[in-house]
Amino acid sequence: YSDFKEMHPLSDKLWGDLLTLASDPGNCVVVITGRERGLVSQWLRDLPVWVVAENGVFVRLGGPSTEWACPLEPVEPNNDWKASIKPVLKYFEERTPGSITESQEHTLTWHYRDSDEDFGEIQASDLQ
């Protein structure tokens, strides 16, 4: 949990390496992440890369001047489902020390990597 909360932006070296790759006209660099698009925009700053954020809910096919798009459109993502699912994830979070529920713009994620490995796997299996 502490590692999750203490996530830092890209290191200067990684940012520079991505810039080198993205600057080559023969490359198309795509960054795929589960993080929210706002955070990803801050971290990638002006890198000329494509981005898939929040596990595919949002894409930006170009540099930072390109608008974010939602592949689900024209259907507007609906968050009504979150109200019924979040208590279930919280139930498992309370019973699995070291786990955390992350709520993003249009997704919920239950992280258990900081919990006991065997117990976390059992809980994840039960959650499915």
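Counting of residues starts from 1 at the beginning of each chain's written sequence and follows it residue by residue. In keeping with the model being predicted, local features are shown solely for residues with a pLDDT of at least 70 and side-chain atom pairs are shown and tallied solely at 80 or more, while totals for entire chains, interfaces and linings include all residues. With hydrogens and water stripped out, all remaining heavy atoms of the structure feed into the side-chain values.

Help me understand helix 3 (residues 37-44), please; the structure alone is not making it clear to me.
Each full turn of the α-helix corresponds to 3.6 residues, which orients residues three or four apart in the same direction. Only protein chains enter the calculation, and the probe is 1.4 Å; a residue is then buried if its accessible area is under 20% of its type maximum, exposed if over 50%, and partly exposed in between. Labels follow the DSSP assignment, with helices taken as runs of H or I lasting at least four residues and strands as runs of E lasting at least two, numbered in each case from the N terminus. All of the buried residues in helix 3 are V40, W43 and L44. Within helix 3, the buried residues cover an arc of 85° as seen down the axis, which keeps them to one side. What makes two residues a contact is simply this: any of their non-hydrogen atoms within 4.5 Å. Residues of helix 3 that are buried make contact with helix 2 (12-23), strand 1 (30-32) and strand 2 (50-53). Just downstream of helix 3, R45 is the residue with a positive phi angle, here 45°. Directions from the helix axis toward the C-beta atoms define the arc.

How should I be thinking about a negative patch on the surface in this particular structure?
In this analysis, a patch consists of residues with relative accessible area above 30% that form no salt bridge, clustered at 9 Å for like charges and at 5 Å for the nonpolar side chains Val, Leu, Ile, Met, Phe, Trp and Tyr. In short, Shrake-Rupley with a 1.4 Å probe defines the accessible areas, and a residue's cover is counted only from the protein chains shown. Salt bridges are defined by distance alone: a side-chain nitrogen of Lys or Arg within 4 Å of a carboxyl oxygen of Asp or Glu. In this tally Asp and Glu are treated as negative and Lys and Arg as positive; neither His nor the chain ends contributes. Charged groups are reduced to one reference atom each: NZ for lysine, CZ for arginine, CG for aspartic acid, CD for glutamic acid. On the surface, D116, E117, D118 and E121 cluster together into a patch of negative charge. Its location among the elements puts D116 in the loop between strand 5 (108-111) and helix 5 (117-127).

When you look at the nonpolar core in this model, what are you seeing that I'm missing?
Side chains that are nonpolar tend, in soluble globular proteins, to be buried together. Counting 15 residues, the largest nonpolar core has L44, L47, V49 and V51 as its most contacted members. If you list the elements that add at least two residues to this core, you get helix 2, helix 3 and strand 2. Per element, the largest residue contribution to this core is three residues, and it comes from helix 2. Apart from the residues lying within four places of it in its own chain, the contact partners of V49 are A22, V29, V31, L44, R60, G62 and G63. We define a nonpolar core as any set of buried Ala, Val, Leu, Ile, Met, Phe, Trp, Tyr and Cys residues linked to one another through side-chain atoms lying within 4.5 Å. Of all hydrophobic cores here, the second largest spans five residues; its members include L89, F92, L108 and A124.

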